[in-house]
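# Geometric and topological summary
Now for the letters of each chain:
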Amino acid sequence: MKKTTLIIYIAVLALAASSCKKGFLDSSSPSEFTSDVVYNSTTYASYALTGIYSLLTQDQMYSARLSLNYATNSDIEIVGADAGSYKENTNRGLSNYLGTPDNNSIAREWSLIYKMIERSNLFIDGVKKSPLMSTKDSTLMKGYMGEALTLRALAYFELVKNWGDVPYKSEPSKADLSNVYLPATDRDVIYDYLLADLSEAEQYVPWVRTGNYSSTEMVTKGFVKGLTARIALFRGGYSIRNKPGFPTERGSDWRKYYELANRQCKEIKLRGVHQLNTNYIDVWKKLGRFEQDAAFNENMFEVAHGLSRSGEMGYSIGIRFYTNAKYGFGNNANVVNTTAYYFYSFDQKDIRRDNTIAYYTYSNGAADIKEVFQTNPMSYNFAKWDQRFMGESWSVLNKAAAGKFGYGINWAVMRYSDILLMLAETENALNGVPTAEAKLALKEVRRRAFAEADRPLKVDAYVDALGDEISFFNAIVNERAWEFGGEAIRKFDLIRWNLLVSKIEEQRVEFKKLLAGTAPYQSIPKALFYKYESNNEILNKPDINFYQDKGTVDIPGYTKVNWMSGYSANDITSYTERINLFSSGLNANGVQNRHLYPIPNSVISDSQGKLKNSYGF
């Protein structure tokens, strides 16, 4: 079979002819790798399924691009860029909605996702035709098929979120290419296909910790149901549409899909297999130590990276570490940043604030062994990924490293707190008022975020005061920002709510108020005064007053650092310029809310005229 250069599908034509290749199975000779061999063996079939999972760990998937680069910008996450680099034809430009069809990054992304879809199609077809489906092994094989159906749905979901209407097919590519060159399918139609697939998959896979399904690194019933709920909310949500004028419109019959999401979330909650870890930061410590959380199963599906193999969590996102003698090689945690606006959006008592936002770096250019204040209010990092959480096996590698290597931290695709907040959101929307169940779900998420003494006011009174649909919806919008910062969720939430443009503009306005020291930020300090803990390494954070202006006169025993309206005039001008430039591609070329990426030129040229770009690209 001759090699094809089709980027559009990565059809893997040899696989279409023989159903597998050396890349799937490594224990036998290539001549044995025919479909009748692979799908007549539960062992070989499991190897082929692993070949689908393995693609999730690639750079273009959840090692870096989907989890990090393509999830910015929102009102709480920004790409690390400045006025000179914000529109580069790289991931920085893409993050600022200034993507171009000749960007190689999106071409690689598109290709790998379709490669995953092709592998899934081959696998599902092979299992359906397997003689094992009429034997005692049918339950196991159906479980494998349920996993593949879910992985394919996840792949298509990522395509639609990022590109909108895309070509869809659910069968393997044929050797004569008769089913390869396809036009784009309307995204709502694709969503309906995915929901049907997940409905089938749900019948086949068990709950986690059942039988062979011992890990959340595998697709299990809870994640299938959770992904169903997430996709249903997108199906009933907003997006820019490929119609004259490119309007932003809601999917048809939204109530039907919100009801589906509501039902799935209720069933997950009722089952009780997945729960909130009682300690918010413990979720991230366990990920950093490569530990599975068998007690709570809060992470409903994790992409299984491997140390020194894949995963940029902790390297390209997380607290910024400069190379130093204690921890070794520095990271490049300036790819996904956040801002002072996000910091000050949190309640002062919210435990998640300092466990989510790092307003400091560890070490500096002088290789000091301590935390150092980050005074740039647009270069805060996400604290959920911290080299100090990492275990000894990682530490040995990092101390010997002279360059980047895979940190191996799993990527949590979905957490149980998402289920609770989707439940609260759908209860409110469907009933036109926050029901008791909606309030209970929101309280459960907030309760973990506050110390016990603060809960009567910050949880119970706060939620009970939300008496109408709008105020409760706004509370959900805020809660999801505080709960999921840096987790590749916020941008897409804002899109489905049709709030992306307005929330980013709100960020700009509030950020400028912070810099100017105007209401409601008139009491924010112009200078901060800090000292270290007794180890002279860790900032004494509870001692820092972020909310009351104490003037700028030196205080004995403390170090002073300029803050917000106390920055120099030049710095304020620079930060103001940057916040205006970030996300500036959202309303480009006369197209409003252009949150989608263009189809790569290489794909269009290979599509035999079936595909073309829209939205002003």
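Reference entry: report on the structure contained in this document. (Residues numbered from 1 in each chain as written. Predicted model: local features only at pLDDT ≥ 70, side-chain atom pairs only at ≥ 80, totals over all residues. Heavy atoms only, no water.)

For the rest of this paragraph, the subject is unusual backbone geometry. Cis geometry is adopted by the peptide bond preceding N73, which originates at T72 and carries an omega value of 5°. Relative to the helices and strands, N73 resides in the loop between α4 (59-63) and β1 (78-79). Put simply, A519 and P520 share a cis peptide bond, and its omega is 5°. By secondary structure assignment, the location of P520 is in the loop between α20 (500-516) and β11 (527-530). With phi around 55°, N589 is a residue other than glycine that occupies positive phi space. Position of N589 among the secondary structure elements: in the loop between α21 (569-581) and α22 (601-605). In this structure N589 comes out as exposed when scored by relative accessible area, which is 59%. (Helix = DSSP H or I, 4+ residues; strand = E, 2+ residues; numbered from the N terminus. Buried < 20%, exposed > 50% of the residue type's maximum accessible area, 1.4 Å probe, protein only.)

Attention now moves to the packing of aromatic side chains. Within the structure shown, the criterion is met by 41 aromatic pairs. Relative to Y193, the ring of Y168 has its centre 4.7 Å away and its plane inclined at 15°; by these criteria the two rings are stacked. Highlighted residues: Y168 in the loop between α7 (138-163) and α8 (187-204) and Y193 in helix α8, separated in sequence by 25 residues. Owing to a relative accessible area of 12%, Y168 belongs among the buried residues under this scheme. On the accessibility criterion, Y193 (40% relative accessible area) is partly exposed. Put simply, the rings of F343, Y344, Y359, Y360, F373, Y380, Y530, Y532, F546, Y547 and W563 touch in pairs and so form one group of aromatic residues. Over the face of the ring belonging to Y462 we find R446, whose NZ or CZ atom lies 3.8 Å from the ring centre. Above the plane of the ring of Y360 lies K541, whose end atom (NZ or CZ) is 4.7 Å from the centre. (Phe/Tyr/Trp six-rings, centres within 6.5 Å; stacked < 30°, edge-to-face > 60°. Lys NZ or Arg CZ within 6 Å of the ring centre and 35° of its normal.)

Structural measurements only, silent on function.
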